[in-house]
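Structural overview
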Amino acid sequence: MIKETRKKKGSSSSRLKKIINEKVARLADKTNKKNNDLIESINYAKLIQEAVLPERDRISKAFPNSFILYRPKDIVSGDFYWFG
């Protein structure tokens, strides 16, 4: 009787572990996909930003005593322009 109870506990415990592992794997896959989608979107925003911003030599010709400070935090820079 005790052996049967232990077998049932062991099998239900292993089934529960299997279910949990499957759910964790599905959530990890979902999270990775969302992360990849987000990174792709940010990279596309960077491409748009680079296309919209004027070239450095054009800025230097228009404003000879100027400089450009371009320091994106990770991939894309904030849109901040200052002329003085």
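Residue positions are given per chain, counting from 1 as you read along its sequence in written order. Selection of residues for local features in this predicted model requires a pLDDT of at least 70, selection of side-chain atom pairs for listing and counting requires 80 or more, and totals for whole chains, interfaces and linings are taken over all residues. The side-chain numbers reported here are obtained from all heavy atoms of the structure, hydrogens and water having been left aside.

Whenever Lys or Arg places a side-chain nitrogen within 4 Å of a carboxyl oxygen from Asp or Glu, that contact is recorded as a salt bridge. Tallying each qualifying case throughout the model produces two salt bridges. Among the salt bridges present, the one from Asp-37 reaches Lys-33, with a minimum N-O distance of 3.1 Å. Of the two residues, Asp-37 and Lys-33 are both situated in helix H1 (residues 2-52); the distance of four residues between them amounts to about one turn of the helix. The rule is simple: take the accessible area with a 1.4 Å probe, protein chains only, and divide by the maximum for that residue type; under 20% is buried, over 50% is exposed, in between is partly exposed. Judged by relative accessible area, Asp-37 falls into the partly exposed class, the value being 35%. Residue Lys-46 pairs with Glu-50 through a salt bridge whose shortest N-O separation is 3.9 Å. Here Glu-50 and Lys-46 lie together in helix H1, a separation of four residues that amounts to about one turn. Take Lys-46: its relative accessible area is 30%, and that puts it in the partly exposed class. Of the residues examined, Glu-50 reaches a relative accessible area of 45% and is grouped as partly exposed. Put simply, DSSP H or I for four residues or longer makes a helix, DSSP E for two residues or longer makes a strand, and each gets a number counted from the N terminus.

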